[in-house]
Amino acid sequence: MTHPEIRPYRIEIPQADIDELRARLARTRWTDEVDDAGDDYGIGLATARRLAEYWADGYDWRAQEARVNAHPQFVTEIDGATVHFLHVRSPEPDATPLILTHGWPGSIVEFLDVIGPLSDPRAHGGTDAPAFHLVIPSIPGFGPSGPTRERGWSNARVAGAFAELMSRLGYERYGAQGGDWGSGISQLLAVTAPDAVIGVHVNYLPHRPVDDTDGFTAEEIRRVEHIRAFVAAFPGYMRLQATRPQTIGYSLADSPVGQLTWIADKVKDWTDPRTPLSDDTLLTLVSMHWFFGTGGSSARLTFESGGPAGTVPCPAPLGMAVFAHDIILPVESVSRKAQPMLRHWSEFADGGHFAALEVPELLVGDVRKFFAALV
């Protein structure tokens, strides 16, 4: 790490902020709900109360903070924004640089379980697997990168900042991986730095609905119908973040239960119901927004990018891992027409939108397989 503008960093939330969170949770003014509502109207009252009580009295933020601080962290200023990132060098001299990008409402904590296997495969049962030098940034407006301070921080601008970050780190050739916003940003990184990005692996690759499904299997028709319904009625959270992020930002900044339920509602919908995320994992995702005050600024990414994450023709070799319980499931033949550089396609029966958290071993295996064919 030799660039003068890169500074070491550790997450150290003041105890006063933790105490304030607990006090706010104790003073929550709860909404009502209809009888037998369950989760039909959103996160149910019983679920919200249980999570809030655990956040206040059982959840150990310091333990989660220590997990992140076990890895080298840095911050730098790029294009007027703070960029926080983990930088984990592999012990293997021929390791491939790889930038991992999270999405919303995620953060760098999504990748904690894949750092060891990807950076040091010999120590994790993958003696013949490729190794990677890992760069894991917090998207500007998310977590330790802090709120963005001006207009225009779209996914394309984030990609430009990450290209500069990799350059500052001295990486001339590297791969990229991501899901959710991280998928679009990784593809745009290849557009921004086509001579640098050797390949892009994603676990989210939405495409537009198609009218002609002649020759499609029943499963492919089901996927197309689901995509058509999704596009016709974008979820409420997405519409609000795409049109009025400032309005929802007040609630997210002022109410920890508001921030908690805003995220918990989507995590519940987007994960494999057979293996839900633990309360500790969910609350760490929420805490990364709460303690750094990025509920509103992370919502602005949808507004600045013109709506939900879409796809662009990726100029680098592209690999896709489909996890069965993701938000939407693409059709391979349609994706190959939209993405001429698509070189790799895998389907998994387990896992959902947060693959690195839900099924890290499956994601690691697929990333290794894709990049092994490129390096």
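Residues numbered from 1 in each chain as written. Predicted model: local features only at pLDDT ≥ 70, side-chain atom pairs only at ≥ 80, totals over all residues. Heavy atoms only, no water.

Identification of the protein chain as Pimeloyl-ACP methyl ester carboxylesterase from Phytomonospora endophytica is taken from an unreviewed UniProt entry.

Draft legend 1. Focus on the environment of D366. Following the sequence through the fold, D366 ends up in helix α15 (residues 360-372). Placed 165 residues apart in sequence, D366 and H201 show a C-alpha to C-alpha distance of 8.7 Å. Excluding residues that lie within four positions of it along the chain, D366 makes contacts with H201, M320, A321, H344, S346 and F348. (Helix = DSSP H or I, 4+ residues; strand = E, 2+ residues; numbered from the N terminus. Contact = heavy atoms within 4.5 Å.)

Draft legend 2. Spotlight on the pattern of salt bridges. Scanning the model with the defined rule gives 22 salt bridges in all. In this structure, E65 and R62 form a salt bridge, with 2.9 Å as the shortest nitrogen-oxygen distance. Highlighted residues: E65 and R62, both in helix α3 (residues 61-69), separated by three residues, approximately one helical turn. With relative accessibility at 7%, the residue E65 sits in the buried group. Ionic pairing is found between R336 and E332, a salt bridge with its closest N-O pair at 3.0 Å. With R336 and E332 both in helix α13 (residues 332-338), this residue pair falls four residues apart, about one helical turn. For R336, a relative accessible area of 34% puts it in the partly exposed group. Overall, the relative accessible area of 29% leaves E332 in the partly exposed class. One connected set of salt bridges, linked through shared partners, spans E219, R222, R223 and E347. (Salt bridge = Lys/Arg side-chain N within 4 Å of Asp/Glu carboxyl O. Buried < 20%, exposed > 50% of the residue type's maximum accessible area, 1.4 Å probe, protein only.)

Draft legend 3. Structural view of the side chain of T302. Checked against the element boundaries, T302 lands in helix α12 (residues 295-304). At 3.4 Å, the side chain of T302 forms a polar contact with the side chain of Q241. (Polar contact = N/O pair within 3.5 Å; in protein donor to acceptor, adjacent residues only side chain to side chain.)

Draft legend 4. View of unusual backbone geometry. In this chain, W104 is followed by P105 through a cis amide linkage whose omega measures 0°. Its location among the elements puts P105 in the loop between β4 (96-101) and α4 (112-119). Residues other than glycine seldom take positive phi values, yet D79 does so here, at roughly 55°. In this structure, D79 sits in the loop between β2 (73-78) and β3 (81-88).

Draft legend 5. Up close: empty space enclosed by the protein. Taken as a whole and assessed by the stated rule, the structure comprises four cavities of 30 Å³ or more. Space inside the largest cavity adds up to approximately 100 Å³. In this structure, the largest cavity is lined by 15 residues; those nearest its centre are E110, G179, N203, H353 and F354. At the level of secondary structure, the elements contributing two or more residues to the lining of the largest cavity comprise β6 (174-178) and α14 (355-358). Grouping the amino acids of the lining of the largest cavity by side-chain chemistry returns six nonpolar, seven polar and two charged. (1 Å grid on protein atoms, 1.4 Å probe; cavity = no way out; pocket = protein on both sides within 12 Å on 5 of 7 lines; lining within 4 Å. Points joined across faces, edges and corners; volume = space filled by probe spheres on them. Nonpolar A, V, L, I, M, F, W, Y, C, P; charged D, E, K, R; others polar.)

Draft legend 6. Structural view of α4. Burial analysis of α4 places seven of its eight residues in the buried class, the great majority of the element. Along α4, the positions that sit buried rather than exposed are L112, V114, I115, G116, P117, L118 and S119. Elements that come into contact with the buried residues of α4 comprise α3, β3, β4, β5 (132-138), α14 and α15.

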